[in-house]
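Structural description and commentary
These are the residues of each chain, in order.
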Amino acid sequence: MSLNGNTLNGLPIDDEEQYQLWLRDPGAQVVHLVEMDYIGMVAGSPGTRTVLLSDRPYPPAHPVVAAIPSFMRAIGDDFAGAVSLSIGSLVLNNATGALDSWLLLNIDGQRVRIRHGAPDWPQERFRTAFTCIAESISSADASTITVRLRAPDYGANGQIQSHLIGGSGPNANKPIPLAYGEVFNVEPLLTDAATLEYQWHDGVVQSVDAVRDSGIDFQTASKTISAVTPATDTLTTSAAHGFLVDDRVRFTGTPPAPLAAATDYWVIAAGLTTTDFRLSATRGGSAVDITGSTTGATCIGYHWTAILSTGKVLLSSAPSGQLTLDGKGYAAAGYVEDMRDILPLVLGTTNVMQARPSIYSNSSAVAMFVRDRRNRLDVAAELCSGSGIWYGYDRDQQLCFGRVFTYPPSEGLAIAEAELRSALTVERMVMPRDTTAATQGHRIGYARNWTVQSSGLAAAVGASHRALYGAAQQDLVNLVAPGTAHALAVVPDAPPAVFAGIYADGYALAEANRKNELFSGWGVVFGVTLGRVGVLYDIGRAVTLTHSRFGLSAGVAMTIVKVEDRPSEGLVKLSLFVNRGTYSPGAL
């Protein structure tokens, strides 16, 4: 037997069958084991140690647990952003004073894992009920000790940047920025005034695609090679080239040998005049030995050079105004742009739940730039809220995230009426939203402008670019015609109410359609109370509920939007969302 075709933790089917039967037996005896890590001496050096506790005799555990806490997590009313998490405290019996020394344990930020099983099971058969983080240990009276617990996001509650610019310049005490995905018009920080070095990401980046000074591309106009002098390795343009020492030059067409098209070269000081120049294969190097005499190729001089290994750019001349750039950010382990890759980086975790349909369906390419000091949790919430993505942690402290859909993908999980420990309830109604009114339509922003320039642009910047650089982000305008049933309605030129990290219009359109479908009609949040359940029944999962009431007799697919584990009571309460358009509910 398996649970709806699923197995847990890779255990054999026979063991899984026994586990599932035990979970569903209201008369089964239960032991809770608590594995609490702390910092102690290991082989003469500080290291992580673990103490094993239990709520009833189970050698070798210390049977001192008086109360197992509850653990609640819930996706918000808009089904996006950070999942709300709350957890109780672990209470230990200390009537004899045997645990007095435990009050000195260094447990802040350490893992606490609670597992459950039968009294006659070996430890390896116990399964995780949930995992959390210890914050402090204290004693309010002479007979108990309380371990204050925090949800798994406690470890992510810190500054996202880890290094300062340093040095003695004006930005020495500012954090090095971070860039993820494809960012538009970000402002790098000056790191070295003498070398005109700027930095826009702390580490390896994929590319720098454009650099602008006051909205103008920081480069020369294209010039044509009209003459070549191999004897002095000199190239001549038909008009003044505008090149500066250390400018990066690229050719189009066929340049004189051994130069090649689409290859970077750098202007050197020797031989530089209004129309003449010489090139090096490296910045600040010696001249390339020119052997050919081909003319007619065109070239552009860029007043900047990207250092992809450190997220920096070097300028060959100081900008006259505000310096901005476009680029593709973090690429330390390969370039990433999908939410499933960027969100773990933002939260600083590698403990990510394995892919599953309801978590990763309809992923989006997103972008995030962090220039000022920011908290990881704030950045993650901002990134997810506008993109319609929720994120939280499962029972085993793994990061999970996804979107709520009108028609959730099947995962083979089911709840039958006979399994309910109390009556099915209707917790709340989700009212429809007017997606035809311009003031209430789902406006989706994308391609965020990270440096809004409402003034200070060069006179040569055209009207269309002024509008582009002056807008906070682009709106989905005319991608779906407003005025039709459940269409996307936007106010032209008005920024969306919530920032969206999405940077491509196709992903923005998919998100707009999801929101329109999800909120086109009213929805219901049902409440069910079950006995102990396995780890599969968690937030974001799709489950089919079958019940004799409310039109559910044939089974209706829903999404779990709230989970409350009550281990001491042997109960789990689930909140299940379903959109009205997916079934006929009858009278509620």
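Residues numbered from 1 in each chain as written. Predicted model: local features only at pLDDT ≥ 70, side-chain atom pairs only at ≥ 80, totals over all residues. Heavy atoms only, no water.

1. A word on the overall build of the protein
Rule in force here: Each helix corresponds to a stretch of at least 4 residues labelled H or I by DSSP, and each strand to a stretch of at least 2 residues labelled E; elements are numbered beginning at the N terminus. Each residue is placed in one exposure class: buried if its accessible area under a 1.4 Å probe, protein chains only, is under 20% of its type's maximum, exposed if it is over 50%, and partly exposed if it falls in between. The contact criterion used is simple: two residues touch if any of their non-hydrogen atoms lie within 4.5 Å. For the accessible areas, the method is Shrake-Rupley and the probe is 1.4 Å, while residue cover comes only from the protein chains on display.
Helix and strand counts for the protein stand at six helices and 37 strands. Burial status across the protein gives 51% buried among its 588 residues. Counted over contacts in the protein with a minimum sequence separation of 6, partners at least 24 positions apart contribute 69%. Accessible surface, the protein as shown: approximately 24300 Å² in total, 50% of it carbon and sulfur.

2. Here we look at the packing of aromatic side chains
A ring pair, where both rings are aromatic, is described by two values, the distance of the centres and the angle of the planes. What counts, and what does not: Two aromatic rings from Phe, Tyr or Trp, using only the six-membered ring of Trp, form a pair when their centres are within 6.5 Å; if the ring planes differ by under 30 degrees the pair is stacked, by over 60 it is edge-to-face, and anything between is tilted.
Using the criterion set out here, one finds 14 aromatic pairs in the structure. Ring geometry for Phe243 against Phe277: centres 4.9 Å apart, planes inclined by 85°, an arrangement best described as edge-to-face. One end of the pair, Phe243, is in the loop between strand S18 (234–237) and strand S19 (248–252); the other, Phe277, is in strand S21 (residues 276–277), with 34 residues separating them in the sequence. Residue classification places Phe277 among the buried positions, given a relative accessible area of 0%. Ring geometry for Phe526 versus Phe550: centroids 5.7 Å apart, planes at 35°, classification tilted.

3. Concerning the environment of Gly521
Inspection of the secondary structure puts Gly521 in the loop between helix H6 (505–518) and strand S34 (523–530). Separated by 60 residues in the primary sequence, Gly521 and Gly581 place their C-alpha atoms 6.5 Å from one another.

4. So, H6
Counted only if it meets this: Residue count minus one, scaled by 1.5 Å, sets the expected span of a helix.
The end-to-end C-alpha separation of H6 is 20 Å, in line with the 20 Å expected for 14 residues at 1.5 Å each. Where H6 is concerned, the buried positions are Ala508, Glu511, Ala512, Arg514, Lys515, Asn516 and Leu518. If you follow the buried residues of H6, they end up packed against strand S32 (445–446) and strand S37 (571–579).

5. Some details on the nonpolar core
Note the cut-off: We define a nonpolar core as any set of buried Ala, Val, Leu, Ile, Met, Phe, Trp, Tyr and Cys residues linked to one another through side-chain atoms lying within 4.5 Å.
One finds Leu343, Leu347 and Tyr391 to be the most contacted residues of the largest nonpolar core, which totals 52 residues. Counting residues in hydrophobic clusters, the runner-up holds 37 residues, among them Ile75, Tyr537, Ile539 and Leu552.

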